[in-house]
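Below are the chains, spelled out letter by letter.
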Number of protein chains: 2
Amino acid sequence: MIDFQTTPQRYRHWKLQVDGDTAQLIMDVSEDAGLFPGYQLKLNSYDLGVDIELSDAIQRLRFEHPGVKVVILKSGKERVFCAGANIRMLAGSTHAHKVNFCKFTNETRNGMEDASAHSGLKFLCAIQGTAAGGGYELALACDHIILADDGSSTVSLPELPLLAVLPGTGGLTRVTDKRRVRRDLADAFCTTEEGVKGKRAVAWRLVDTTAPNSKFQAAVSDAATKLAATSIRRSGTTGITLPPLARQIEGDTVTYANVRVEIERASRRATITVQGPTSPVPASAGEMVALGDQFWPLACARDLDDAILHLRLNELDIGVLTFKTSGDALAVLAHDALLAAHADHWLAREITGFWRRLLKRIDVTSRTLVAQITPGSCFAGSLAELAFACDRTFMLSGNFPGDNRASAAITLGAANFGAYPMSNDLTRLQTRFLGEPASVAAAQSHSGKPLDAETCDELGLVTMAYEHIDWDEVRVFLEERASFSPDGLTGLEANLRFPGPETMETRIFGRLTAWQNWIFQRANAAGENGALKRYGTGQKAEFNRERV
Amino acid sequence: MIDFQTTPQRYRHWKLQVDGDTAQLIMDVSEDAGLFPGYQLKLNSYDLGVDIELSDAIQRLRFEHPGVKVVILKSGKERVFCAGANIRMLAGSTHAHKVNFCKFTNETRNGMEDASAHSGLKFLCAIQGTAAGGGYELALACDHIILADDGSSTVSLPELPLLAVLPGTGGLTRVTDKRRVRRDLADAFCTTEEGVKGKRAVAWRLVDTTAPNSKFQAAVSDAATKLAATSIRRSGTTGITLPPLARQIEGDTVTYANVRVEIERASRRATITVQGPTSPVPASAGEMVALGDQFWPLACARDLDDAILHLRLNELDIGVLTFKTSGDALAVLAHDALLAAHADHWLAREITGFWRRLLKRIDVTSRTLVAQITPGSCFAGSLAELAFACDRTFMLSGNFPGDNRASAAITLGAANFGAYPMSNDLTRLQTRFLGEPASVAAAQSHSGKPLDAETCDELGLVTMAYEHIDWDEVRVFLEERASFSPDGLTGLEANLRFPGPETMETRIFGRLTAWQNWIFQRANAAGENGALKRYGTGQKAEFNRERV
């Protein structure tokens, strides 16, 4: 089992050093501490385990170190910054693992840009030595890149010439869309195994500046000071701590404090039940900070994030995820309202940001997503976003016989109208009602009130509203869905979930990732005589020369 | 050899009937006239041969019938409109043919929308019987869809449940982005084998209206009249004729009147030399019409379009296409200027539209595109767009020894600043200088003058300017390029050529096509026990259930 939980005390590959406004995040990968046997993590190359630590470090910088304004990302090794994803690991991985690995690493890098844009946590990449492939892609996710001008430090994206694959962790997209490298120079760069250094790296915009080794520390210091000045974070803010989650795995059930996952292996589906708040909402921001990791929105997001990652990486045969909720809709709205009322408070900002990223993680999860909205549920505000992230939503009209609770409802709140944009920069309701602001406004005018199935159906908030005698249709749907091709569904959902506008982020998960997945499936890269398998053997890859 | 040239007299699958403002385009596929042996084109299913005729018919409607305002697209068969792409053909095709087939059919459907948007040629789809898969995707490319309300006529996208592939001819994209079908309803529609009919088809926006069979013709007539009223075309305009091209294929050389293709098989590359105008520019629009198909911009576009399609479909092993031009730059600009001066004239509009589509076809051609700009060339205006479409452009600074001609130049003209948007809706120079209008403006300020290599290099118009002693670098580049993985290059180029904004069209070629290509490569669809191969055998497909 791949575990996404870790702590700095257990890091094998990174050192996180905080000093006032500045943190140093030092990559120093342990060669022998790969996640799987069969490869050594030489030259600061990485596997999923290395990236899980990076993701954890960034999360802790957000919550535990809110006074940090600049993270200096650098290498703990001589002459190499980072050699990118480990090639033997890739060559030995299943297709599914390669794809999942890339998705998680992309989310982590997008998360760095999210931290910079929304939380004022700026990233400064200090490259001495070679930054190759995923190493340079990590740099591309930073706000500022300084490259040592020492005749040997280089940046490169040698994936295509060396391995017959793409710089798929955002590389191709960020080079053109973020750094505005001219497309023909980008082509030249991405087909030059040895990379680019010095003045040319600056002229082509691959890095922001260079500095000779003698002045490198001073240049980094200077750039860090300038970046810090652009941060909205406040010096000296005290953070909260993120202790390990109370997770229990027993048989086919995974239980957290606020989330329960029940796996039905035979039918290849899992039900994720999210528990709404059971404690009163804090009266002030101070009380929220005092609750810390026990504050429901944060605790729930941590549980759900871990559950989604667990299902993604450890339960590949589970094709359908059903979301259910349980609890008090008004309590969810009250917690949302507290976050909104203190939108400028660092902790509220971080928690809102966590939900934003969590919901995006759900959006790009390659499983059919279904919401079942029944009595006792609390699909309200932030939790209603779970339903709007789904491919299908089923709502019970009226009650099941013998159930005297209030009928099922969706309760909209401010959280549904701006706080949680998808990666296409639209809210989930704007995406649902693409190009129809009137439909969004109609829904918004019903905010704060529990909306019954008929109203939700009329407003277009659910796919189907069934009375209890027809509820068996949901079972029929789930069984039919499980009979379809998993690949076909992955492609279908990746298209239908992201209608309309594209952004750099959607382009990474759409245009770039889909092409990379195609290449990962081709013998020229992944076959026995392909470039990934032949790398380092001294034998050249054998290519089918047909252009497709 | 697959030939893209045809004429209505030779059509096997379509009937084109023109009557005043209206044309009827009747699909009546000959079962036994497939392009390859091994399948029968039952139920108006189609293969590439059927689509070549459709593409030809639309081209003739544009040039030969400029008075037609509305095309009524319908079936010549009882009870079936169109069953989509032929499944046995797909199951029996190589991966490369499937991908090329989809690309061409996508271009044809995009071309219908282009004709509607730019030329006022409106498409009305009259569906009686079933419109399944590619059949409904053809309808989606039309401006208006009328479905018979007879209890049996349906529209459907059953690709996923039946075949484990996507509705990849724009289906997934147009349902959400063009027709604004809600994403969960789109999901329901695309997983419902039997499709949707009648009122629900209207309610879900899959069609515009329904009509009972008794009133069907009247409804079609009525809608045609309304569509005609929106057309900018003028009734009674006389067209020109498009006779067969003077194409000669001898060994590895393909010669047209204005284009010459030389294939170097051993090095897997082809050189396409475009000849600039050799006759004076016509003095008036009337003279242009009198020249008809001999008018250089039209004649040249026809030659080049055929050459590109020929290389795409018949020369799969050729990985690099080098563009060269020969002739007088000012003559090219003069022809461009005539088209611009008569932008409202139907023929100028159609020729400009042809170049727009031709250049887009080049943009999505999965081969490395290179321009070599040397003395005697005429990379000016519309022909300079060829260079800006390329992945790399090499320009000679000065001359080769013994050549006394003027040095190589690029001459910019108005055609480079608006007439030929890419499918991302930016010009090629705007794409080249993404987000930098000042660089575009700097180039524009040099319009009309021959720009030497140094100036082009400074302005960023070429990748590299070499003096003759370094020109061998071009050979080194070409050889290196040929050594790379063809798949890797396809993915790389598909990303780098389209930085920045996406449109419905780029989403079809990016997000949708890349996922479809991935699926076409997966055993669940294309393997021996996959859904495409098992279709119609009575045996169910066997799926690897892992979600990737």
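Scoring rules and cut-offs
- Residues numbered from 1 in each chain as written.
- Chains lettered and ligands numbered in written order.
- Predicted model: local features only at pLDDT ≥ 70, side-chain atom pairs only at ≥ 80, totals over all residues.
- Heavy atoms only, no water.
- Helix = DSSP H or I, 4+ residues; strand = E, 2+ residues; numbered from the N terminus.
- Rg over C-alpha atoms; globule rule 2.2 N^0.38 Å.
- Buried < 20%, exposed > 50% of the residue type's maximum accessible area, 1.4 Å probe, protein only.
- Contact = heavy atoms within 4.5 Å.
- Areas by Shrake-Rupley, 256 points an atom, 1.4 Å probe, with all protein chains shown as cover.
- Lys, Arg positive; Asp, Glu negative; His and termini not counted.
- Charge placed at Lys NZ, Arg CZ, Asp CG, Glu CD.
- 1 Å grid on protein atoms, 1.4 Å probe; cavity = no way out; pocket = protein on both sides within 12 Å on 5 of 7 lines; lining within 4 Å.
- Points joined across faces, edges and corners; volume = space filled by probe spheres on them.
- Nonpolar A, V, L, I, M, F, W, Y, C, P; charged D, E, K, R; others polar.
- Least-squares fit on C-alpha atoms with pLDDT ≥ 70 in both.
- Axes fitted to C-alpha atoms, helices over the stretch in contact; angles between N-to-C directions.
- Parallel < 35°, antiparallel > 145°, perpendicular 65-115°, else oblique.
- Left-handed = near helix turned anticlockwise from the far one by under 90°.
- Expected span 1.5 Å × (residues − 1).
- Polar contact = N/O pair within 3.5 Å; in protein donor to acceptor, adjacent residues only side chain to side chain.
- Salt bridge = Lys/Arg side-chain N within 4 Å of Asp/Glu carboxyl O.
- Domains from an automatic or database assignment.
- Buried area = accessible area lost by both parts, 1.4 Å probe.
- Phe/Tyr/Trp six-rings, centres within 6.5 Å; stacked < 30°, edge-to-face > 60°.
- Pairing = 2+ DSSP bridges.

1. Description of the overall build of chain A
Across its full length, chain A carries 22 helices and 22 strands. Taken over C-alpha atoms, the radius of gyration comes to 24 Å for chain A, in line with the 24 Å a tight globule of 548 residues would show. Reported as C-alpha extents along the three principal axes, the dimensions of chain A are approximately 75 × 55 × 45 Å. Put simply, chain A has 548 residues, and 64% of those count as buried. Of the contacts made within chain A by residues no fewer than 6 positions apart, 75% connect residues no fewer than 24 positions apart. Looking at chain A as shown, the accessible area adds up to about 18800 Å², and 49% of this sits on carbon and sulfur atoms. Side-chain charges of chain A comprise 59 positive and 65 negative groups, with the mean position of each set lying 7 Å from the other.

2. Regarding empty space enclosed by the protein
By the definition in use, this model includes 8 cavities of 30 Å³ or more. One number sums up the size of the largest cavity: a volume of about 180 Å³. Of all the secondary-structure elements, those providing two or more residues to the lining of the largest cavity are helix H20 (504-520) of chain A together with helix H3 (95-119), helix H19 (486-496) and helix H20 (504-520) of chain B. Each residue belonging to the lining of the largest cavity can be placed in one class, and the counts come to 7 nonpolar, 5 polar and 5 charged.

3. Let's talk about the relation of the copies chain A and chain B
Overlaying chain A on chain B yields an RMSD of 0.0 Å, the required transformation being a rotation through 180 degrees with an accompanying axial translation of 0.0 Å. One copy is carried onto the other by what is essentially a two-fold rotation axis. Scanning chain A for the C-alpha nearest the rotation axis identifies A:Trp518, at a separation of 2.1 Å. With an isologous cut-off of 70% or more, the 100% of interface residues of chain A that recur at the interface of chain B puts this contact in the isologous class.

4. Here we look at the packing of helix H3 (residues 95-119) of chain A against helix H13 (residues 346-363) of chain A
Residues and elements named next belong to chain A. Between H3 and H13, whose axes approach to 11 Å, the crossing angle comes to 150 degrees. Judged by the angle between their axes, H3 and H13 are roughly antiparallel. For the crossing formed where H3 meets H13, the hand is right-handed. Only Arg349, Glu350, Arg356, Arg357 and Arg361 of H13 make contact with H3, whose side of the interface consists of Phe104, Glu107, Gly111, Asp114, His118 and Ser119.

5. Side note on the environment of A:Ile469
Residues and elements named next belong to chain A. One can find Ile469 in the loop between strand E22 (464-467) and helix H18 (472-483). On the basis of relative accessible area, Ile469 is assigned to the exposed category, the value being 63%. Along the chain, Ile469 and Gly327 lie 142 residues apart, while their C-alpha atoms are 25 Å from each other.

6. What to know about helix H12 (residues 329-341) of chain A
Residue and element names in this part refer to chain A. Compared with an ideal rise of 1.5 Å per residue, which puts 13 residues at 18 Å, H12 spans 18 Å between its outermost C-alpha atoms and is within 8% of the ideal. Turning to H12, its buried residues number three or more, namely Ala329, Ala331, Val332, Leu333, His335, Asp336, Leu338 and Leu339. Packing partners of the buried residues in H12 comprise helix H10 (285-291), helix H11 (296-314), H13, strand E18 (379-380), helix H14 (381-388) and strand E20 (410-411). The backbone nitrogen of Leu330 lies 3.0 Å from a side-chain oxygen of the residue at the head of H12, namely Asp328.

7. What to know about the pattern of salt bridges
Going through the model one piece at a time under the given rule, you end up with 92 salt bridges over all chains. Put simply, B:Arg547 and A:Glu493 hold a salt bridge, and the shortest N to O gap is 3.1 Å. Of this pair, B:Arg547 sits in the segment after helix H22 (531-534) while A:Glu493 sits in helix H19 (residues 486-496), placing the two residues on different chains. Given the relative accessible area of 2%, B:Arg547 is considered buried. Among the charged side chains, a salt-bridge network with shared partners connects A:Arg183, A:Asp187, A:Arg547, B:Asp391, B:Arg392, B:Arg481, B:Glu493 and B:Arg497.

8. Points about the domain arrangement of chain A
All names here are of chain A. Domains assigned within chain A are domain 1 (8-215) and domain 2 (248-471). In this structure, domain 1 and domain 2 have C-alpha centres spaced 33 Å apart. Taken together, the contacts link 15 residues of domain 1 with 17 residues of domain 2. Buried area between domain 1 and domain 2, summed over both chains or domains, comes out near 1500 Å², and the portion from carbon and sulfur atoms is 53%.

9. As for the interface of chain A and chain B
Chain A puts 88 residues into the contact, and the matching count from chain B is 88 residues. Contact between chain A and chain B buries roughly 8500 Å² in total, counting both sides, with carbon and sulfur atoms accounting for 54%. Seen at the junction of chain A and chain B, the total is 18 salt bridges. In this structure, the salt-bridge partner of B:Arg392 is A:Asp187, at a minimum N-O distance of 2.7 Å. At the surface where chain A touches chain B, the tally comes to 59 residue pairs in polar contact (both at pLDDT 80 or more). Residue assignment for the side of chain A that touches chain B shows that the elements contributing at least two residues are H3, helix H5 (159-163), helix H6 (171-178), helix H7 (183-190), strand E19 (392-397), H18, H19 and H20 of chain A. In the side of chain A that touches chain B, the residues fall into 38 nonpolar, 23 polar and 27 charged.

10. Structural notes on the packing of H3(B) against helix H11 (residues 296-314) of chain B
Residue and element names in this part refer to chain B. Closest axis-to-axis distance for the H3/H11 pair is 10 Å, and the angle between their directions is 155 degrees. What the angle tells us is that H3 and H11 run roughly antiparallel. Residue-level contacts link His97, Asn100, Lys103, Phe104 and Glu107 of H3 to Leu309, Arg312 and Leu313 of H11.

11. Here we look at the packing of aromatic side chains
All names here are of chain A. Taken as a whole and assessed by the stated rule, the structure comprises 18 aromatic pairs over all chains. Residues Tyr136 and Phe189 carry aromatic rings whose centres are separated by 5.5 Å and whose planes lie at 80 degrees to one another, so their mutual orientation is edge-to-face. Of the two residues, Tyr136 is situated in helix H4 (residues 134-140) and Phe189 in helix H7; the sequence distance between them amounts to 53 residues. Among the residues examined, Phe189 registers a relative accessible area of 0% and is labelled buried. With a centroid separation of 5.5 Å and an interplanar angle of 85 degrees, the aromatic rings of Trp515 and Trp518 are classed as edge-to-face. On the criterion of helical spacing, the pair formed by Trp515 and Trp518 is a turn pair, its members being 3 residues apart in helix H20. Taking the relative accessible area as the measure of exposure, Trp515 reaches 5% and is therefore buried.

12. Quick word on the sheet that holds strand E10 (residues 154-156) of chain B
Residue and element names in this part refer to chain B. Spatially, 3 strands are ordered E5-E8-E10 in an open sheet, and the strand pairing comes out parallel. The open sheet has two free edges, formed respectively by strand E5 (80-82) and E10, since each of these has just one partner strand. Taking the axes of each pair of neighbouring strands and ignoring which way they run, one obtains an average angle of 15 degrees across the sheet. Pairing of E5 with strand E8 (residues 130-132), which is carried by 2 bridges, proceeds in the parallel orientation. Within E8, the position partnered with Val80 by the bridge is Thr130.

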